[in-house]
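# Tertiary structure, described
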Amino acid sequence: MGLFDKKKCDICGGKIGLLGNRKLDDGNMCADCAKKLSPFTTDRRKTSINEIKAHLEYREANKAELAALNVTKSVGDCYMVHIDEEAGKFVVSSSNKWQQENPDVISFSQVTKCVGTKDEHRTELMQKDKDGKLVSYRPRQYKYEYDFYVTLSIDSPFFDEIRFKVNMYMVDGESKEYGRIDAIQDEVLDVFFKAQVR
């Protein structure tokens, strides 16, 4: 077999282009099959052909669950959590056209843990000296910006964690936007805390 010979996808049987191979634990997968996987899937390289086939069967069945989802509440900002309160299910997506993208339908009962975090980004503020060169303030001064995240531990055979960003852009720690995003993060967390209490 030559270096540039096309490989065969062990999932769909199609030929894999030069840059389209996605290595699996015991085979190869084409880019088209890879696109069908859940966005929350990790460790694809350690996943077997049979596990990928089972995952794609789950993703196909997910389409029917998604069609049956009756969203009664949505919370979030960058990523939205769309909730079917009666069915006790939800999806997480950053897309306005989320219904067309087959997001994973997850039951609240599958959520085993919910954590909110803030990632801090620190940038040193500089000033110009008498020669026009940028130098540090004495003492040094910094601008602090934040990204807000929600991490859900999920009881699923296909992925065990969902981590999504609450804010679209980094938030200045001294701005009004910080308070707004902090409140949205609390609202998202509250949805899952209340579900766990039930």
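Our subject in this report is the structure included herewith. (Residues numbered from 1 in each chain as written. Predicted model: local features only at pLDDT ≥ 70, side-chain atom pairs only at ≥ 80, totals over all residues. Heavy atoms only, no water.)

### Some points on the sheet that holds strand 8 (residues 106-107)
Stated formally: Each pair of strands is called paired provided DSSP finds at least two bridges between the two strands. Working definition: helices are DSSP H or I runs of at least four residues, strands are E runs of at least two. Numbering for both runs from the N terminus.
If you walk across this open sheet you meet the four strands as 5-6-7-8, and the pairing is antiparallel. With one partner strand each, in any of the chains shown, strand 5 (73-76) and strand 8 form the two edges of the open sheet. Two strands pair when backbone bridges link them, and strand 5 and strand 6 (residues 80-84) are joined in this way by four bridges, in the antiparallel orientation. The residue of strand 6 that forms the bridge with Ser74 is His82.

### So, the nonpolar core
Where we set the bar: Buried Ala, Val, Leu, Ile, Met, Phe, Trp, Tyr and Cys residues that are joined via side-chain atoms within 4.5 Å together make up what is termed a nonpolar core. Summary of the burial criterion: residues with accessible area below 20% of their type's maximum are buried, those above 50% are exposed, and those between are partly exposed, where the area comes from a 1.4 Å probe applied to protein chains only. Contact criterion: two residues are considered in contact whenever any of their non-hydrogen atoms come within 4.5 Å of each other.
Counting 28 residues, the largest nonpolar core has Val81, Phe90, Leu152 and Phe192 as the members making the most contacts within it. Elements supplying a minimum of two residues to this core: strand 6, strand 7 (89-93), strand 9 (111-128), strand 10 (134-154), strand 11 (161-165) and helix 3 (176-197). Ranked by the residues each element gives to this core, the list is headed by helix 3, at seven residues. Among all residues touching Val81, those that are not within four sequence positions of it are Lys73, Ser74, Val75, Phe90, Val91, Val92, Phe164, Val188 and Phe192. Listed in part, the twelve residues of the second largest apolar core include Cys9, Leu24, Leu37 and Ile49.

### Re the environment of Phe108
For Phe108, the position within the fold is in the loop between strand 8 and strand 9. Each C-alpha atom of the pair Phe108 and Gln185 lies 18 Å from the other, and the pair is 77 residues apart in sequence. The residues contacting Phe108, other than those within four sequence positions of it, are Ile83, Gly88, Lys89, Phe90, Val191, Phe192 and Ala195.

### Quick notes on helix 2 (residues 49-68)
Under the convention used in this document: In this analysis, the expected span of each helix is defined as 1.5 Å times one less than the number of residues it contains.
Between its first and last C-alpha atoms helix 2 spans 30 Å; for 20 residues at 1.5 Å apiece the expected length is 28 Å, and the two agree. Ile49, Ile52, His55, Leu56, Tyr58, Arg59, Asn62 and Leu66 are the residues of helix 2 that are buried.

### Description of the packing of aromatic side chains
How we decide: Any Phe, Tyr or Trp ring, taking Trp's six-membered ring, that has another such ring centre within 6.5 Å forms a pair; planes under 30 degrees apart are called stacked, those over 60 apart edge-to-face, and the others tilted.
Throughout the structure, instances matching the rule amount to nine aromatic pairs. Between Phe90 and Phe108, the ring centres sit 5.0 Å apart and the planes meet at 40 degrees, which makes this aromatic pair tilted. With Phe90 in strand 7 and Phe108 in the loop between strand 8 and strand 9, this residue pair connects regions lying 18 residues apart in the sequence. Residue Phe90 is classed as buried on the basis of its relative accessible area of 0%.

### As for unusual backbone geometry
Look at the link from Arg138 to Pro139: it is a cis peptide, with omega at -5 degrees. Tracing the backbone shows Pro139 in strand 10. One non-glycine residue, Asn102, lies in positive phi territory at about 55 degrees. You can call Asn102 buried: its relative accessible area is 10%.

### Concerning the state of the cysteines
Short version of the rule: Two cysteine sulfurs form a disulfide in these notes if their separation is within 2.5 Å.
According to the stated counting rule, one finds zero disulfides in the structure shown. Left unpaired, Cys9 is separated from the closest cysteine sulfur, that of Cys12, by 3.7 Å. Note on Cys9: relative accessible area 2%, which makes it buried.

### Quick look at the pairing of strand 9
Sheet topology places strand 9 next to strand 10; 17 bridges connect them, and they run antiparallel. In the sheet register, Gln127 faces strand 10, and the bridge partner there is Val135. Connecting strand 9 to the next strand, strand 10, in antiparallel fashion are five residues, including Gly132 with a positive phi near 85 degrees.

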